[in-house]
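Structural description and commentary
Here are the chains, one letter per residue:
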Amino acid sequence: MLEAILSLGGVGFFAALALGFAARKFAVEVDAREAAILEVLPGANCGACGFPGCGGYARAVASGAVAPELCPPGGPETVARIARIIGVAAIAVDPQVAVVICQGDQQRATEKYRYLGISDCRAAQKLADGPKTCPGGCLGLGTCAAICPFGAITMTDQHLAVIDRDKCVGCRKCVEPCPRQVIKMTPRSVSVHVLCNSHDKGALVRQYCQVGCIACQLCKKVAPEAYVIEDFLARVDYRHAVKPTAGVEVAIEKCPTHCIRDDNPPPAPVPDEKPAPQAA
Ligand code: SF4
Ligand code: SF4
């Protein structure tokens, strides 16, 4: 009995010695700054920085391989904290928020055909360029909502993607997968947007969408510094619309198709009317 206890104890002792030696020999040096950066990152592991997770990004920043401002979920505060850790001057970041620039849901915009395939906008787009008559309108099958790691995108009952600006961290993951390029990144400091993605002429837009931009120029007339019309589509000039002027607000009121919206305060509902049937 005593022999067995002694031999087991001996085996345990030597195993512990071997493990201790291996731990020292093969220990991976952890940069203290890497650990500190990992501590201040949000831990979302969303990949918006271009790395598979926060750990990879922390390592890359600590080694000086990448800039410290590539984590949108962290925002300016995280960038400032990382800058302090690695000893560089604070870097100004312009927080962004994603916006679906379309209001043409199933009530307000027409379809060329009824799509009955899998619920994926990219698949629908491959079928005769998608069911929506408007070439730039949201297809409403929720590919973006399935991709958003922060639950910021919901689909309305009438099949339109809507982004909650309080939940959106500006990671951009929804932008590229949208086959209609209808999700745009915008400065968080601006809440006024033209919600249309069609470059068709106004007469054609009127045939398929009751809330599309018809490029009537009215917004540009009342607030020339804030609106730009390009290729039959109005857009907000974000450089000059940070502080909405009276003209910006007047344009929102006067837009005949209600396609300009101020997300702050929340938008008033747009009247639901079926668009006029298309000319044969
Ligand atoms: S925004 Fe794009 S991806 Fe999202 S539902 Fe609309 S078409 Fe699909
Ligand atoms: S809405 Fe788009 S940009 Fe905003 S958090 Fe979701 S995926 Fe990222």
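Presented here is an overview of the structure given in this document. Owing to the predicted nature of the structure, the values given are computational and were not obtained by experimental measurement. Throughout, a residue's number is its position along its own chain's written sequence, starting from 1. Lettering of chains starts at A and numbering of ligands starts at 1, both following the order in which they are written. Totals for whole chains, interfaces and linings use every residue, but because this is a predicted model, local features are given only for residues with pLDDT of at least 70 and side-chain atom pairs only at 80 or more, for both listing and counting. Only hydrogens and water are set aside; all other atoms, that is, all heavy atoms of the structure, feed into the side-chain values.

1. A look at the overall build of the protein
What counts as a helix is a DSSP run of H or I of at least four residues, what counts as a strand is a run of E of at least two, and both are numbered from the N terminus. Of regular secondary structure, the protein possesses nine helices and eight strands. Each residue's exposure class comes from its accessible area (1.4 Å probe, protein chains only) as a fraction of the maximum for that residue type: buried when under 20%, exposed when over 50%, partly exposed otherwise. Sorting the 280 residues of the protein into buried and exposed places 41% on the buried side. Only heavy atoms enter the contact rule, under which two residues are in contact if any of them lie within 4.5 Å. Partitioning the contacts of the protein with sequence separation of at least 6, the portion at a separation of at least 24 is 58%. Throughout, the Shrake-Rupley method with a 1.4 Å probe supplies accessible areas, and for residues the shown protein chains are the sole cover considered. For the protein, the exposed surface amounts to about 15,600 Å²; the carbon and sulfur share of it is 59%.

2. Focus: helix α3 (residues 54–62)
All of the buried residues along α3 are Cys54, Tyr57, Ala58, Ala60, Val61 and Ala62. The secondary structure elements touched by the buried residues of α3 are α2 (32–40) and α4 (75–86). One or two residues past the end of α3 sits Gly64, with phi positive at roughly 85°.

3. Structural notes on the nonpolar core
Judged by nonpolar contacts, the single largest core of 21 residues is most densely connected at Ala98, Val100, Ile153, Ile163, Val182 and Ile183. Residue assignment for this core shows that the elements contributing at least two residues are β1 (96–100), β3 (161–163) and β4 (183–187). Per-element tally for this core: the top contributor is β1, with four residues. Excluding residues that lie within four positions of it along the chain, Ile163 makes contacts with Ala98, Val99, Val100, Ala152, Ile153, Cys168 and Ile183. We call a set of buried residues a nonpolar core when its members are Ala, Val, Leu, Ile, Met, Phe, Trp, Tyr or Cys and they connect through side-chain atoms within 4.5 Å of each other. In terms of nonpolar packing, the next biggest core, distinct from the first, is built from 17 residues, Cys213, Leu233, Cys259 and Ile260 among them.

4. Quick word on the packing of aromatic side chains
Stacked, edge-to-face and tilted labels apply to pairs of Phe, Tyr and Trp rings (six-membered ring for Trp) whose centres lie within 6.5 Å, assigned for plane angles under 30 degrees, over 60, and everything in between, in that order. Going through the model one piece at a time under the given rule, you end up with one aromatic pair. Centre to centre, the rings of Phe51 and Tyr57 are 5.9 Å apart; their planes meet at 45°, and the pair counts as tilted. For Phe51, a relative accessible area of 23% puts it in the partly exposed group. The class of Tyr57 is buried, set by a relative accessible area of 1%.

5. Focus: the site of ligand 1
Being near a molecule or strand, for a residue, means having at least one of its heavy atoms within 4 Å of it. Residues in close proximity to ligand 1 total 13 residues, the closest being Cys121, Cys138, Leu139, Cys144 and Cys178. Class assignment of the residues belonging to the shell around ligand 1 gives a composition of 10 nonpolar, three polar and no charged. Charged means Asp, Glu, Lys or Arg here, nonpolar means Ala, Val, Leu, Ile, Met, Phe, Trp, Tyr, Cys or Pro, and polar covers whatever is left, Gly included.

6. Side note on the pairing of strand β6 (residues 227–230)
As judged from the four bridges shared by β6 and strand β7 (residues 233–236), these two strands associate in the antiparallel manner. The partner of Val228 across the bridge, within β7, is Arg235. One bridge is not enough; two strands pair if DSSP finds at least two bridges between them. Turn length for the β6-β7 hairpin, with the two strands adjacent in sequence and antiparallel, is two residues, and the turn residue Asp231 shows positive phi of about 50°.

7. Notes on empty space enclosed by the protein
Grid spacing is 1 Å over the protein atoms alone, the probe is 1.4 Å, and a cavity is where that probe fits but cannot get out, while a pocket is an open set with protein on both sides within 12 Å along at least five of seven lines and lining residues have an atom within 4 Å of a point. Grid points are joined across faces, edges and corners, and a volume is the space filled by probe spheres set on the points. Counted according to the given criterion, the structure contains five cavities of 30 Å³ or more. Along the walls of the largest cavity sit 17 residues, with Cys216, Cys219, Cys255, Cys259 and Ile260 positioned nearest its centre. Of all the secondary-structure elements, those providing two or more residues to the lining of the largest cavity are α8 (218–222) and α9 (246–254). Considered class by class, the residues forming the lining of the largest cavity number 14 nonpolar, two polar and one charged.

8. A few points about the site of ligand 2
Every one of the 14 residues lining ligand 2 counts as a neighbour, but Cys148, Cys168, Cys171, Arg172 and Cys174 are closest to it. The residue makeup of the shell around ligand 2, split by class, is 11 nonpolar, one polar and two charged.

9. Thoughts on the pattern of salt bridges
Salt bridge criterion: a side-chain nitrogen from Lys or Arg within 4 Å of a carboxyl oxygen from Asp or Glu. In the structure shown here, the tally under the stated rule is seven salt bridges. Across the pair Asp105 and Arg108 runs a salt bridge whose closest N-O atoms are separated by 3.8 Å. By the burial criterion, Asp105 is buried, and Arg108 matches it. Residue Arg114 is joined to Glu111 by a salt bridge in which the shortest nitrogen-to-oxygen separation is 3.4 Å. Taking the relative accessible area as the measure of exposure, Arg114 reaches 58% and is therefore exposed.

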